[in-house]
Amino acid sequence: MKGSAVPAGSTLEGRAAAALPPQTPGVTLRVFDVQIPLNNLCVLKPGQTPNIDKLMPVVDWSTSTDFGLETHFVTHVVGNLVVPQAGSYTLRLASDDGSRLLIDDRVVIDHDGLHGPDPKDATVNLTAGAHALRIEHFERDGGQQITLSWKPPGAAGFAVVPNSALSTDADVVRVTAPGRKECEGIADTPGDGLPLTGVHPNYTLTDLRPKGFEPQVSAMDWLPDGRLAVTTWGGSNNTTGEVYLLGNVTGNTGPDKVTVKRVASGLKEPMGITYVGGKLYVSQKHELTELNDTDGDEVTDQYRRVATWPFGGNFHEFAFGLLHKDGFFYLNLSVSINYGGATTNPQPAPNRGTTIKVNRQTGEVSYVAGGLRTPNGIGWGPEGGIFVTDNQGGWLPSSKLVHIKQDRFFHHYTNPAGPFDSRPVTRPVLWLPQNEIANSPSTPLQLTDGPFAGQMLFGDVTYGGVQRGFLEKVGGEYQGAVFRLTQGLEAGVTRISVGPDGALYAGGLGAGGNWGQEGKLAFGLQKLTPNGADAFDIRAMRAVPGGFALEYTQPLSAQTATDLAKRYRIKQWRYAPTADYGGPKIGEETLTAGSATLSADRRTVTLAIPGLKADRVVHVRSPRPFSSSTGESLWSTEAWYTLNRLPGGVPTGEVRGLGNKCLDVDDSQTADGTKIQVWGCNSTAAQQWTVAGDGALKVLGKCLDVAGGGSADGTKVQLWTCNGSGAQTWQAQADGSLRNPQSAKCLDVAGGTTADGTKVQLWTCNGTSAQKWALP
Ligand SMILES: [Ca+2]
Ligand SMILES: [Ca+2]
Ligand SMILES: [Ca+2]
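Residues numbered from 1 in each chain as written. Chains lettered and ligands numbered in written order. Predicted model: local features only at pLDDT ≥ 70, side-chain atom pairs only at ≥ 80, totals over all residues. Heavy atoms only, no water.

(A) Up close: the overall build of the protein. For the protein, the helix and strand inventory stands at two helices and 60 strands. Taking 2.2 N^0.38 as the reference for a compact globule, 776 residues should give roughly 28 Å; the C-alpha atoms of the protein span a radius of gyration of 29 Å, in line with that estimate. Once the C-alpha set of the protein is aligned to its principal axes, its extents read approximately 100 × 70 × 60 Å. In the protein, buried positions account for 55% of the 776 residues. (Helix = DSSP H or I, 4+ residues; strand = E, 2+ residues; numbered from the N terminus. Rg over C-alpha atoms; globule rule 2.2 N^0.38 Å. Buried < 20%, exposed > 50% of the residue type's maximum accessible area, 1.4 Å probe, protein only.)

The following block contains the structure:
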């Protein structure tokens with residue numbers, strides 16, 4: 001709902017046809033499922049993918065088939081009105097319920113509010129040629145309609161604006177996602193309920209693209225001489241990706257100083273590049289390639305294939321990223337999906353959705369971890385670990401950041417099964433709630449300097465900008481909080497890299513249609529240079545027993561410290577991954593801070609929050625006004641903490657094993673000797689295990705017990721009154737097994753079958769997936 005109203009009879013100047021991308025007749029219809037009964041048009045929060053996105057011949061729709069939804073939705077129509085001859089045109093907008101027509105970003109007809117399909121007219125003078133057309137509409141309930149008619153100069157009456165007078169961008173990517181979409185609230189502002197719009201005050205933004213250089217950046221790495229190597233995407237199903245070496249990007253520079261040299265071309269959608277041992281290596285969709293220059297001009301003469309991997313030719317089978325350490329490359333293989341987002345069943349190639357390792361000398365490929373979908377980001381994190389972002393989709397109710405380790409499985413199943421599909425699911429380090437803080441996250445990296453040293457950053461192609469993650473270990477695994485860091489860049493961000501000058505370099509990417517950040521370029525290259533500022537922000541959010549400690553970058557003002565507990569709004573929910581694309585928040589609850597204690601230096605607020613649960617995302621917002629002692633307003637007021645485990649307390653939750661089934665007490669019985677089995681996880685008390693400090697595993701007030709304290713293969717493992725004996729002591733091993741030290745044997749699913757009701761038993765430790773367990 002932008003644009004000022006035009007007085008009747010105004011003249012609107014169109015836009016030059018030459019400035020438009022390739023066009024096709026018709027308009028683009030986007031429908032957003034807001035799931036609330038609106039009485040007026042709403043402004044949608046930015047960064048949200050529509051539920052429906054399609055090309056329509058004319059604007060004349062009245063059925064739920066036309067719109068794709070029946071009630072409680074918002075519609076955006078975008079395209080161009082192509083005026084055959086200059087003159088006075090009367091436009092007529094009929095809608096049910098409210099709507100608004102904008103021509104050239106000016107409101108021509110305001111037809112807001114609840115009503116039936118009444119027409120409303122306006123007369124304007126239009127120049128010949130293309131004029132930007134936009135209709136915003138909402139449907140509460142009952143009937144629904146949008147019809148755009150006109151009466152051109154000299155015409156006797158109104159007619160639906162014909163297909164020949166409408167155009168929209170041709171051959172574009174129409175990304176859709178199910179689920180609820182949100183309108184802006186009255187109290188929402190950028191960084192406080194809405195995505196940021198500006199550049200974080202700690203950074204100074206510098207453009208780096210010389211005039212005419214429009215890279216769709218798909219990977220970046222640094223040469224020892226300070227030049228930046230970038231790969232460009234080249235478009236879907238193309239082999240026009242390129243590699244450029246850019247000089248003068250570091251330090252005090254600008255677009256006029258940067259030099260550009262193309263050194264490789266003809267690449268198949270390269271998504272990773274790294275410089276090792278004097279050579280550049282590029283991950284193309286189907287292979288890892290070494291770039292060799294044989295005549296000393298730096299331009300590649302020989303493309304040597306280092307390794308190949310399973311590749312079935314699907315548009316979405318990317319090879320994302322390229323890390324190198326100790327003679328091995330690491331990268332991610334995304335799964336094949338159908339247009340529209342569903343995971344292809346069956347997959348054209350096996351073992352996709354994995355992080356792989358490639359031996360630089362031999363080219364041998366081995367699988368590190370699986371259960372990934374669109375892992376468009378791989379980077380080094382704390383303790384030299386590999387961290388990967390993944391995008392919403394099947395088995396991904398929301399986007400997430402995960403910690404890769406050998407043999408881990410991250411829940412996205414494929415047919416045929418991947419190499420780790422029988423392993424217990426490893427939970428994400430960070431859930432990234434869809435549309436709130438992420439949409440399609442990309443490259444993660446760890447900062448080593450500055451106010452956020454040790455924290456992770458990652459870009460986002462559709463939500464845009466760069467987000468910040470604070471990670472901490474609780475119960476031996478990373479979890480933590482995500483915060484907004486910055487927006488204000490020229491394109492959605494696919495790759496970030498810290499340069500030798502300490503600046504953060506951001507590569508942009510997008511495609512026509514709605515794949516990319518709305519209103520931004522489809523290409524880009526800029527850098528964010530730390531300028532020494534330490535703006536008022538939430539530096540860290542740590543889980544503490546009974547709540548959270550929020551550390552701020554500056555002391556809180558006296559005014560903000562007044563009634564401090566009441567300043568925080570807290571919600572928690574969980575996610576339950578299914579095969580469906582995306583997924584709702586489950587069990588959403590509003591919590592209240594019982595107390596808020598300010599530290600002596602006024603920089604840390606400890607919130608006591610009754611009712612916090614493990615396996616939840618906790619959203620904390622402290623709406624403005626919220627200021628520092630110098631009067632600075634909080635840059636971003638929200639944090640999303642992934643509370644896999646509660647700190648300090650005794651871990652309680654599901655014990656997941658073979659086939660991601662849960663360790664379960666037969667029929668919830670509590671008699672001594674009751675059978676222990678695997679069963680589909682169902683959140684009942686019969687599956688809530690407490691890992692006691694003494695090695696006992698407790699459920700329903702009793703303990704996991706080796707019958708008779710035996711040690712023979714096949715000995716029954718049962719429920720028994722807790723007695724502290726060696727028959728009730730279990731130790732989690734590094735390989736994921738659960739060992740009973742007294743017998744020196746492991747907890748094992750009998751026969752290695754995943755059927756509900758399969759008993760568990762004692763068996764010689766053998767490292768198979770029948771003996772892998774994920775503890776709460
Ligand atoms: Ca309806
Ligand atoms: Ca209606
Ligand atoms: Ca050469």
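Picking up after the structure, the text goes on.
(B) Just the coordination of the calcium ion (ligand 1), in detail. Here the calcium ion (ligand 1) is held by the protein donor atoms Glu70 (O), Glu70 (OE), Glu139 (OE), Gly142 (O) and Gln144 (OE1), which lie 2.1 to 2.5 Å from it. In this structure, the calcium ion (ligand 1) lies 5.1 Å from the calcium ion (ligand 2), and both are coordinated by Glu139. Here the residue Glu70 occupies a position in the loop between α1 (64-67) and β6 (73-83), and Glu139 occupies one in strand β11 (residues 129-139), the gap between them amounting to 69 residues. Looking at Glu70, the relative accessible area reads 40%, which means it is partly exposed. (Donors = N, O, S within 2.8 Å, 3.2 Å for Na, K, Ca; no water.)

(C) Examining the state of the cysteines more closely. Across all of its chains, the model carries four disulfides by this definition. Here Cys662 engages in a disulfide with Cys681; their sulfurs sit 2.1 Å apart. An S-S torsion of about 95° defines the bridge between Cys662 and Cys681 as right-handed. Of the two residues, Cys662 is situated in strand β51 (residues 662-665) and Cys681 in the loop between β52 (676-679) and β53 (689-691); the sequence distance between them amounts to 19 residues. (Disulfide = S-S within 2.5 Å.)

(D) How the structure looks around a negative patch on the surface. On the surface, Asp293, Asp295, Asp297 and Asp301 cluster together into a negatively charged patch. One can find Asp301 in the loop between β24 (287-292) and β25 (302-308). Looking at Asp301, the relative accessible area reads 37%, which means it is partly exposed. (Patch = residues over 30% accessible without salt bridge, like charges linked within 9 Å, V, L, I, M, F, W, Y side chains within 5 Å. Areas by Shrake-Rupley, 256 points an atom, 1.4 Å probe, with all protein chains shown as cover. Salt bridge = Lys/Arg side-chain N within 4 Å of Asp/Glu carboxyl O. Lys, Arg positive; Asp, Glu negative; His and termini not counted. Charge placed at Lys NZ, Arg CZ, Asp CG, Glu CD.)

(E) Main features of the pattern of salt bridges. The tally for this structure, following the rule as stated, stands at 38 salt bridges. Ionic pairing is found between Lys45 and Glu182, a salt bridge with its closest N-O pair at 3.1 Å. Of this pair, Lys45 sits in the loop between β3 (27-33) and β4 (52-56) while Glu182 sits in the loop between β14 (166-169) and β15 (189-190); the two residues are 137 residues apart in sequence, bridging distant segments of the chain. On the basis of relative accessibility, which here comes to 24%, the residue Glu182 falls in the partly exposed class. The shortest N-O distance in the salt bridge between Glu290 and Lys279 comes to 3.3 Å. Of this pair, Glu290 sits in strand β24 while Lys279 is found in strand β23 (residues 279-283), placing the two residues 11 residues apart along the sequence. The exposure class of Glu290 is buried, given its relative accessible area of 5%. Among the ionic contacts, a cluster of salt bridges with common partners joins Lys45, Arg180, Glu182, Asp188, Asp192 and Arg621.

(F) Seen up close, the nonpolar core. If you look at the biggest cluster of nonpolar residues, it comprises 32 residues, and the most contacted ones within it are Trp61, Leu81, Leu91, Leu101, Ile103 and Val108. The greatest single-element share of this core, amounting to four residues, is contributed by β6. Once residues lying within four places of it in the same chain are set aside, the contact partners of Leu101 are Leu91, Leu93, Arg106, Val107, Val108, Ile109, Leu133, Arg134, Ile135 and Leu148. Membership of the second largest hydrophobic core comes to 29 residues, among which are Leu550, Tyr552, Leu612 and Val618. (Core = buried A, V, L, I, M, F, W, Y, C linked by side-chain atoms within 4.5 Å. Contact = heavy atoms within 4.5 Å.)

(G) Structural detail: the coordination of the calcium ion (ligand 2). Protein ligation of the calcium ion (ligand 2) involves Asp96 (OD), Asp97 (OD), Glu139 (OE), Asp141 (O) and Gly143 (O), the donor distances falling in the range 2.3 to 2.6 Å. Residue class for Glu139 comes out buried when judged on its relative accessible area of 1%.

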